[in-house]
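Here is how the chains run, residue by residue.
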Amino acid sequence: MLKNVATVLLDGVHPFELGVVCEVFGLDRSDEGLPVYDFAVVSAEGPALGTHVPGLTVSTPYGIDRLDEADLIAVPASDANVAREYPPELLAALRRAVDRGARVLSVCSGVFVLGAAGLLDGRRCAVHWRHADLLARRFPRTRVEPDVLYVDEDPVFTSAGTSAGIDACLHIVRKEQGPEVATKIARRMVVPPHRDGGQAQYIERPLPEGPCDTVGGVLAWMTEHLDEEVTVEQLAARALMAPRTFARRFQQETGTTPYRWILRQRVLLAQELLEGTDETMDAIAGRTGFGTAAALRHQFVKSLGTTPNAYRRAFRGPEAA
């Protein structure tokens, strides 16, 4: 039963990520019949810590020994999390917690602390998309999933940046104490109890830039004609090459195939149109080369993990859907 929760801080903690954990687990909502957690903010580095907001500090009387009582230990983001050594006693406390059956949760870069404690080995994990490559290099025995909001590898829970911590916290409440409790807490916070899609819809992923001496002209033409159906043979003819030679050169210079390149460009254009215009789904499907709204939806969900309508609502508000 989830009763005792602690969030452990390192110097440079991000107040928002700390606030997420405090908001879900640290408030007394017994007037609504909701559970009250024995909650503590714990410092891993002395009684007073700096934050990444200039002039704002956090003080607490609780030290690392308080973690030994917790059913859930949350590690929020910190400025230095991705490039520092961590207190050995903190890493030992996290390992002890998992060994005795407690759960641990990271918010954004807090996942690096869990990795240093060895708790990501053999597990999937989530992290802010900006840190995904570094995390994968530093902890090669974990499988980083950069497109998702959070990962449940009970007893280890990991979440992506900022508000994804809310999703992970509510997921733990829902899993432990049921959907009614999670929904009531979410309603008090004025947030959805569950969000569709994942991080993919927020990731800036322009196509890699590099020297495209051979196919550069074809790339420019493709970008201007996304609404047209083209074949490798047609593109090769435009480049004055044999199809197999063109496909090989294209892969060498762009790092992907012509089909994947143009598909990604079409999805990017669809995102721009959904964010910046009121065009219908059929019109956007036509302009992006998907042909039909159904085909647009299929490829959009496959690439970004959410529907075009949900994406438009997320970026422009419910009235735009």
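Residues numbered from 1 in each chain as written. Predicted model: local features only at pLDDT ≥ 70, side-chain atom pairs only at ≥ 80, totals over all residues. Heavy atoms only, no water.

The protein is annotated in an unreviewed UniProt entry as Helix-turn-helix domain-containing protein of Streptomyces sp. 900105755.

Undergrad: Would you mind going over the pairing of strand β10 (residues 156–159) with me for this structure?
TA: Side-chain direction in a regular strand flips from residue to residue, so the side chains alternate between the two faces of the sheet. Both faces of β10 are covered, namely the face carrying Val156 and Thr158 and the face carrying Phe157 and Ser159. Note: strand β9 (residues 150–153) against β10, 4 bridges, orientation antiparallel. Bridge pairing in β10 places Asp152 opposite Phe157. Two successive antiparallel strands, β9 and β10, enclose a turn made up of 2 residues. (Buried < 20%, exposed > 50% of the residue type's maximum accessible area, 1.4 Å probe, protein only. Helix = DSSP H or I, 4+ residues; strand = E, 2+ residues; numbered from the N terminus. Pairing = 2+ DSSP bridges.)

Undergrad: For this particular structure, what's the right way to read the UniProt feature "domain: HTH araC/xylS-type" (unreviewed entry) in the protein?
TA: Using the residue numbers shown here, the UniProt feature "domain: HTH araC/xylS-type" (unreviewed entry) corresponds to residues 216–314. Regarding residues 216–314, the helix share stands at 75% and the strand share at 0%, and the terminal C-alpha atoms are separated by 35 Å. (UniProt positions renumbered as here; feature names shortened; annotations may be inferred.)

Undergrad: Would you take a moment to explain helix α11 (residues 281–288) for this structure?
TA: Three or four residues apart is the spacing at which side chains of an α-helix point the same way, because the helix has 3.6 residues per turn. Looking at α11, one finds that the buried residues are Met281, Ile284, Ala285 and Thr288. Projected onto a plane normal to the axis of α11, the buried residues spread over an arc of 100 degrees and lie on a single side. Once α11 ends, the next one or two residues include Gly289, with phi positive near 85 degrees. (Arc of directions from axis to C-beta.)

Undergrad: Whenever I open this one, unusual backbone geometry confuses me. Can you help?
TA: In most cases, non-glycine residues show a negative phi, while peptide bonds are predominantly trans. The linkage connecting Asp154 with the following residue, Pro155, adopts the cis geometry, with an omega of 20 degrees. Take Pro155: it is sitting in the loop between β9 and β10. Even without glycine at this site, Val190 takes up a positive phi of about 60 degrees. Relative to the helices and strands, Val190 is located in the loop between α6 (179–189) and α7 (216–224). The phi torsion at Leu240 lies on the positive side, around 60 degrees, for a residue other than glycine. With respect to the element layout, Leu240 can be found in the loop between α8 (232–238) and α9 (243–254).

Undergrad: Sorry if this is basic, but what is going on with the state of the cysteines here?
TA: The term disulfide refers to a covalent linkage connecting the sulfur atoms of a pair of cysteines. Under the criterion given, the structure shown has 0 disulfides. We note that Cys22 lacks a disulfide partner, and the nearest cysteine sulfur, in Cys169, lies 9.8 Å from it. (Disulfide = S-S within 2.5 Å.)

Undergrad: Would you take a moment to explain the nonpolar core for this structure?
TA: Side chains that are nonpolar tend, in soluble globular proteins, to be buried together. With 35 residues, the main nonpolar core has Leu67, Leu90, Leu94 and Leu135 as its most contacted residues. Counting only elements with at least two residues in this core, the list comes to β1 (4–9), β2 (38–43), β5 (72–75), α2 (88–99), α3 (111–116) and α4 (132–138). Among the elements that line this core, the one with the most residues is α2, at 6 residues. Residues contacting Leu135, with those up to four places away along its chain left out, are Val111, Phe112, Leu120, Cys125, Val127 and Val144. With 33 residues, the next largest nonpolar core counts Leu9, Leu34, Phe39 and Ile185 among its residues. (Core = buried A, V, L, I, M, F, W, Y, C linked by side-chain atoms within 4.5 Å. Contact = heavy atoms within 4.5 Å.)

Undergrad: So what exactly am I meant to see when it comes to the environment of Leu134 here?
TA: On the secondary structure map, Leu134 appears in helix α4. Each C-alpha atom, one on Leu134 and one on Phe112, is 9.7 Å from the other, the two residues being 22 residues apart in sequence.

Undergrad: What is the right way to read the sheet that holds β5 from this model?
TA: In a beta sheet, neighbouring strands pair by backbone hydrogen bonds and run either parallel or antiparallel. Reading across the sheet, the 6 strands line up as β2-β1-β5-β6-β10-β9 and stay open at both edges, with mixed pairing between neighbours. The open sheet is flanked by β2 and β9, the only strands paired with a single partner. For this sheet the average axis-to-axis angle between neighbouring strands, irrespective of direction, equals 15 degrees. Relative to β5, β1 runs parallel, the two being bridged by 3 bridges. Note on β5: the bridge partner recorded for Ala6 is Ile73. (Axes fitted to C-alpha atoms, helices over the stretch in contact; angles between N-to-C directions.)

Undergrad: Whenever I open this one, the pattern of salt bridges confuses me. Can you help?
TA: It is possible for side chains bearing opposite charge to pair when their charged atoms get close. Counting across every chain of the model gives 16 salt bridges. Across the pair Asp38 and Arg66 runs a salt bridge whose closest N-O atoms are separated by 3.5 Å. With Asp38 in strand β2 and Arg66 in the loop between β4 (57–59) and β5, the pair connects residues that are 28 residues apart, well separated along the chain. With a relative accessible area of 42%, Asp38 lands in the partly exposed category. (Salt bridge = Lys/Arg side-chain N within 4 Å of Asp/Glu carboxyl O.)

Undergrad: Which parts of the structure should I look at to understand the packing of aromatic side chains?
TA: Two measures describe an aromatic ring pair: the distance that separates the ring centres and the angle between the ring planes. In this structure the tally under the stated criterion is 5 aromatic pairs. Seen in terms of ring centroids, Phe250 and Trp261 are 6.4 Å apart; in terms of plane orientation they differ by 90 degrees. Their pairing is edge-to-face. Highlighted residues: Phe250 in helix α9 and Trp261 in helix α10 (residues 258–276), separated in sequence by 11 residues. Of the residues examined, Phe250 reaches a relative accessible area of 0% and is grouped as buried. Taken together, the ring pairs in this structure connect Phe246, Phe250 and Trp261 into an aromatic cluster. The ring of Tyr62 carries Arg66 above its face, with NZ or CZ at 6.0 Å from the centroid. (Phe/Tyr/Trp six-rings, centres within 6.5 Å; stacked < 30°, edge-to-face > 60°. Lys NZ or Arg CZ within 6 Å of the ring centre and 35° of its normal.)

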